[in-house]
There are 2 protein chains.
Amino acid sequence: MNNFVEIATPGVRSLKPYQPGKPIEELQRELGIAEVVKLASNENPLGPSPLALKAIQQQLLDTARYPDGNGFVLKKALAAHLGVSEAQITLGNGSNDVLELIARTFADQDAEIVFSQYAFAMYPIITQAINAKAVKAPARQWGHDLDAMLAAITETTKLVFIANPNNPTGTWVNEQNLRHFLENVPRKVIVVVDEAYFEYASDPSMQLAGYPDTLDWLQRFPNLIVTRTFSKAYGLAGLRVGYAVSHEGIADLLNRIRQPFNVNHLALAAAAAALSDSEYLQQAIKTNYEGLKQLQEGFHAMGLDYIPSGGNFVSVDVGEDAADLYQALLREGVIVRPVGNYNMPHHLRISVGLELENERFLKALATVMAACHA
Amino acid sequence: MNNFVEIATPGVRSLKPYQPGKPIEELQRELGIAEVVKLASNENPLGPSPLALKAIQQQLLDTARYPDGNGFVLKKALAAHLGVSEAQITLGNGSNDVLELIARTFADQDAEIVFSQYAFAMYPIITQAINAKAVKAPARQWGHDLDAMLAAITETTKLVFIANPNNPTGTWVNEQNLRHFLENVPRKVIVVVDEAYFEYASDPSMQLAGYPDTLDWLQRFPNLIVTRTFSKAYGLAGLRVGYAVSHEGIADLLNRIRQPFNVNHLALAAAAAALSDSEYLQQAIKTNYEGLKQLQEGFHAMGLDYIPSGGNFVSVDVGEDAADLYQALLREGVIVRPVGNYNMPHHLRISVGLELENERFLKALATVMAACHA
């Protein structure tokens, strides 16, 4: 009996794991390039908040103790920051963990889970892992078509995932459309609004008039779950902290199935500190706004189409050879993200970096495109 | 629709979460006691290894980047340390994560999962979460009865959990009995040997003649999975790193369902460094050996029975009022672990601490027992 696939659960049998962005060290090992620019994983180019680093330093000697499984300090800080109760919060090992907990709590092999074409890659993976049926609603101009998603809901739909803004397209749905959607979804269907890029999209400087404030709606729509993360604007991707805000009854269920120590001790401390560092957050949003402008102007100058983005990344149409171009960029020491797995073979997704990183990418792109078309 | 339990999956509906040991800060908040001794979570009383702390310091500035999802550096270090290949290793957010991945990979609502009476509390919780059927084999003198476990295996058994040594009893099975068990289990049944306390039990000074070296058996028994952790002897409970070693085919499946960034960046670095700190490990084992002796002598002097332990904890029979005694010890500023949830209402589980901590506990125990029986 060495054919283990045969004895695995049906969901796992045909499961293909998530493909992360290439780590800097990996490219350095493979190609011997010292100066690598990574714009591949929607990370915060500023590095971590100084307050978060200080909090980690203060907790170092306590790492032989288990973390506080209830996340008392972080939940208290989040509740005050968001204007919700601690009992509404579920902490996760990144928001990925929270999304998986939600799926495992409300869906099984008899369930349908609805999400949009081009939606975040973890939704189909999480759905497959529990052997539920993925129902993909067609997109409209790369973005979520909420009417199509509403039409996709059936008697067996347990869960809807909406990424707002969506990764990798950067598209977002506005307040009016999302409210209309929630008003028309049956109350026994859980709607997850995944706001991993919330802080970028909600900033007035982004001029995204109409980006919804979903936390305000939790009372009106008890089947709504909002998820957010410390991995993007808060700059703590390496530490894995995300959270869900929901009705207390939903949070109770999610916390039952949550691993008792899913968020690590240093991560809990760092996240609470990062939350208090509003100066860092403003700097992160400003850097992103300027970098996004820089990239878009660069694409415009090169005559390339891109999808307008509400996140800290932008997907650009580079023609039919995006996979080749990705490889050519690696050889220039620049890591970006191919999105062929999203059925977007003409696009590359570029995370917004520091000014010099964006510049190095734009130059490398011009170089490899000239070489490819020579 | 505010009755969310109704729309949850059957497993989650009746799921009761794991109850962690009381955190020191929680007792300080509740009772205003400054000097708390916690001997409740089988943590390493030495604090973390200095090499692990140094590794964390060196990686601090990288925490805005996602962790290496493949855990390249840690897997390489583990493979060399254990004499296995990197492809045989699955990393987890603590070994709890690995145990859950194994259950979700091989069992679903149609499966039976076999474990022993008094076995580690996460096995029934993990089983319930996926709505599988828990089959509990009766124990023999608190320990796993492998013959009874063998007899409990049916056509629908997918998985067997063996904790060796077991928490909270400290009992362990020897090489001969475990080999006999593996020889007689059908090859399509996955056998997990959970060796969270391996480093304590395998040390010659513990004189545990016959504690098995299960990694040697992986080739012979391809259905065997061995799990270990950095939370106990390696002193990194707060960082959440565990791992499974198995046939490559099993590791491939586990890594498909694993969350892509389940182990955080600082944890990966700290674990690799701790693995190289053999001086720390020897000190941890020595401290445990002496502390276990101190506790056992203390119990003997008080006329209390205890279960001989191969781990870094010992369960002592304090009579019918263990829950009251636990509360009374809290008021003395000493946190231990009640094990009523294991159906062991007469026992308290004491983690081995530093000499002064053990002494403070023994004195507090004498005080509260005298008061209770006055």
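Residues numbered from 1 in each chain as written. Chains lettered and ligands numbered in written order. Predicted model: local features only at pLDDT ≥ 70, side-chain atom pairs only at ≥ 80, totals over all residues. Heavy atoms only, no water.

### Focus on the overall build of chain A
Alright, step 1. The number of helices and strands found in chain A is 15 helices and 13 strands.
Alright, step 2. Its C-alpha atoms give chain A a radius of gyration of 21 Å, near enough to 21 Å, the size a compact globule of 374 residues would have.
Alright, step 3. Across its three principal axes, chain A shows a C-alpha extent of roughly 60 × 60 × 50 Å.
Alright, step 4. When the 374 residues of chain A are sorted by exposure, 64% land in the buried category.
Alright, step 5. A sequence separation of at least 24 residues applies to 75% of the contacts in chain A between residues at least 6 apart.
Alright, step 6. Surface summary for chain A: the accessible area is close to 14,000 Å², and the carbon and sulfur share equals 49%.
Alright, step 7. In chain A, 30 positive and 40 negative side-chain charges are present, and the distance between their average locations comes to 5 Å. (Helix = DSSP H or I, 4+ residues; strand = E, 2+ residues; numbered from the N terminus. Rg over C-alpha atoms; globule rule 2.2 N^0.38 Å. Buried < 20%, exposed > 50% of the residue type's maximum accessible area, 1.4 Å probe, protein only. Contact = heavy atoms within 4.5 Å. Areas by Shrake-Rupley, 256 points an atom, 1.4 Å probe, with all protein chains shown as cover. Lys, Arg positive; Asp, Glu negative; His and termini not counted. Charge placed at Lys NZ, Arg CZ, Asp CG, Glu CD.)

### Focus on the pattern of salt bridges
All names here are of chain A.
Alright, step 1. A full pass over the atoms with the stated rule returns 30 salt bridges over all chains.
Alright, step 2. A salt bridge links K188 to E155, with the shortest nitrogen-to-oxygen separation between them at 3.1 Å. With K188 in the loop between α9 (175–184) and β6 (190–194) and E155 in the loop between α8 (146–152) and β5 (157–163), this residue pair connects regions lying 33 residues apart in the sequence.
Alright, step 3. By relative accessible area, which is 36% here, K188 ends up partly exposed. (Salt bridge = Lys/Arg side-chain N within 4 Å of Asp/Glu carboxyl O.)

### A word on the nonpolar core
Alright, step 1. Counting 116 residues, the largest nonpolar core has F230 of chain A together with F230 of chain B as its most contacted members.
Alright, step 2. If we ignore the near neighbours within four places in the chain, the residues touching F230 of chain B are L74, L78, G235, L236, A237, V241, Y243, A271 and L275 of chain B.
Alright, step 3. Core analysis: the next-biggest nonpolar cluster, separate from the first, contains 90 residues, F115 and Y123 of chain A together with L159 and I225 of chain B among them. (Core = buried A, V, L, I, M, F, W, Y, C linked by side-chain atoms within 4.5 Å.)

### A look at the interface of chain A and chain B
Alright, step 1. The interface is formed by 79 residues belonging to chain A together with 79 residues belonging to chain B.
Alright, step 2. Overall, the association of chain A and chain B removes approximately 6,900 Å² of surface from exposure, summing both partners, and the carbon and sulfur fraction of that is 58%.
Alright, step 3. It is F4, Y66 and R256 of chain A in chain A that bury the most area against chain B; as a group they hold 11% of the surface buried on that side.
Alright, step 4. The tally of links between chain A and chain B comes to four salt bridges.
Alright, step 5. The interface formed by chain A and chain B contains 37 residue pairs in polar contact (both at pLDDT 80 or more).
Alright, step 6. Put simply, the parts of the chain that give the side of chain A that touches chain B at least two residues each are α1 (4–7), α2 (10–13), α3 (24–31), α4 (50–59), α6 (95–106), α7 (122–129), α11 (248–257) and α12 (265–275) of chain A. (Buried area = accessible area lost by both parts, 1.4 Å probe. Polar contact = N/O pair within 3.5 Å; in protein donor to acceptor, adjacent residues only side chain to side chain.)

### Digging into the domain arrangement of chain A
All names here are of chain A.
Alright, step 1. Taken as a whole, chain A is organised into domain 1 (19–42 + 279–373) and domain 2 (61–276).
Alright, step 2. In this structure, domain 1 and domain 2 have C-alpha centres spaced 26 Å apart.
Alright, step 3. The partner domain 2 presents 26 residues to the 25 residues of domain 1 that form the contact.
Alright, step 4. Buried area between domain 1 and domain 2, both sides added, is near 2,000 Å², and the carbon and sulfur share of it is 64%.
Alright, step 5. Considering only the surface of domain 1 that becomes buried against domain 2, I285, G310 and Y342 emerge as the three largest contributors, covering 29% of it.
Alright, step 6. Scanning the region where domain 1 abuts domain 2 turns up zero salt bridges.
Alright, step 7. Across the domain 1-domain 2 interface, the total number found is seven residue pairs in polar contact (both at pLDDT 80 or more).
Alright, step 8. Sorting elements by how many residues they give to the side of domain 1 that touches domain 2 places helix α13 (residues 278–301) first, with eight residues. (Domains from an automatic or database assignment.)

### Focus: the relation of the copies chain A and chain B
Alright, step 1. Of the transformation superimposing chain A on chain B, the axial component is 0.0 Å and the angular component is 180°, with the fit at an RMSD of 0.0 Å. Viewed as a symmetry operation, the transformation between the two copies matches a two-fold axis.
Alright, step 2. Of the interface residues in chain A, 100% have counterparts in chain B that sit at the interface too, so the contact is made through matching surfaces. (Least-squares fit on C-alpha atoms with pLDDT ≥ 70 in both.)

### Structural notes on the packing of helix α14 (residues 322–331) of chain B against helix α15 (residues 355–372) of chain B
Residue and element names in this part refer to chain B.
Alright, step 1. Where α14 contacts α15, the axes come no closer than 9 Å and their chain directions differ by 120°. Between α14 and α15, the angle falls in the class oblique. As α14 runs across α15, the sense of the crossing is right-handed. Where α14 abuts α15, its residues L325, A328 and L329 lie against F361, A364, L365, V368, M369 and C372. (Axes fitted to C-alpha atoms, helices over the stretch in contact; angles between N-to-C directions. Parallel < 35°, antiparallel > 145°, perpendicular 65-115°, else oblique. Left-handed = near helix turned anticlockwise from the far one by under 90°.)

### Examining the packing of aromatic side chains
Alright, step 1. This model, assessed by the stated rule, comprises 30 aromatic pairs over all chains.
Alright, step 2. Here F261 of chain A and Y18 of chain B contribute two aromatic rings whose centre-to-centre distance is 6.4 Å and whose plane-to-plane angle is 75°, an arrangement assigned as edge-to-face. Taken as a pair, F261 of chain A in the loop between α11 and α12 and Y18 of chain B in the loop between α2 (10–13) and α3 (24–31) lie in two separate chains rather than in one.
Alright, step 3. You can call F261 of chain A buried: its relative accessible area is 10%.
Alright, step 4. Given a relative accessible area of 16%, Y18 of chain B falls into the buried group.
Alright, step 5. An aromatic cluster is present here, built from Y18, F115, F120, Y123 and F161 of chain A together with Y66 and F261 of chain B joined pairwise through their rings.
Alright, step 6. In this structure, R228 of chain B packs its charged tip against the face of F198 of chain B, placed 3.5 Å from the ring centre. (Phe/Tyr/Trp six-rings, centres within 6.5 Å; stacked < 30°, edge-to-face > 60°. Lys NZ or Arg CZ within 6 Å of the ring centre and 35° of its normal.)

### A look at the packing of α13 of chain A against helix α15 (residues 355–373) of chain A
All names here are of chain A.
Alright, step 1. Close contact between α13 and α15 brings their axes to 10 Å; oriented N to C, the two are set at 15°. Our classification of the angle between α13 and α15 gives roughly parallel. Here the hand of the crossing between α13 and α15 comes out right-handed. Together, G291, Q294, L295, G298 and F299 of α13 and E355, N358, E359, F361, L362 and L365 of α15 make up the contact between the two elements.
Alright, step 2. Across the contact of α13 with α15, the residue classes tally to five nonpolar, four polar and two charged. (Nonpolar A, V, L, I, M, F, W, Y, C, P; charged D, E, K, R; others polar.)

### Some thoughts on the side chain of H347 of chain A
Alright, step 1. Position of H347 of chain A among the secondary structure elements: in strand β13 (residues 347–351).
Alright, step 2. The exposure class assigned to H347 of chain A is buried, which follows from its relative accessible area of 5%.

### Looking at the sheet that holds strand β9 (residues 305–307) of chain A
Residues and elements named next belong to chain A.
Alright, step 1. Read across the sheet, four strands follow the order β9-β10-β13-β12 without closing on themselves; strand pairing throughout is antiparallel. Sheet topology places β9 and β12 (337–338) at the edges, where each strand pairs with a single neighbour.
Alright, step 2. Across two bridges, the pairing between β12 and β13 is antiparallel. Of the residues in β13, the one forming a bridge with P338 is L348. (Pairing = 2+ DSSP bridges.)

### As for the sheet that holds strand β9 (residues 306–307) of chain B
Residues and elements named next belong to chain B.
Alright, step 1. Overall, antiparallel pairing links the four strands, which are arranged β9-β10-β13-β12 in an open sheet. Bordering the open sheet on either side are β9 and β12 (337–338), each of which pairs with just one other strand.
Alright, step 2. Where β9 meets strand β10 (residues 313–317), two bridges bridge the pair, whose relative direction is antiparallel. Among the inter-strand pairings, Y306 is bridged to a residue of β10, identified as V316.
Alright, step 3. Taken strand by strand, α14 contacts β12 and β13 (347–351), and its axis lies near 40° from that of β13.

### Quick word on the environment of W142 of chain A
All names here are of chain A.
Alright, step 1. Of note, W142 is situated in the loop between β4 (133–137) and α8.
Alright, step 2. Taking C-alpha positions, W142 is 6.5 Å from T169, a pair spaced 27 residues apart along the chain.
Alright, step 3. Not counting the four nearest positions on each side in its chain, W142 is found in contact with Y118, T169, T171, I307, M344 and H347.

### Things to note about helix α9 (residues 175–184) of chain B
Residue and element names in this part refer to chain B.
Alright, step 1. By the burial criterion, the buried members of α9 are L178, F181 and L182. For α9, the buried positions fall inside an angular range of 95° around the axis, keeping them on one side.
Alright, step 2. At its buried positions, α9 is contacted by α8 (146–152), β5 (157–163), β6 (190–194) and β7 (224–229). (Arc of directions from axis to C-beta.)

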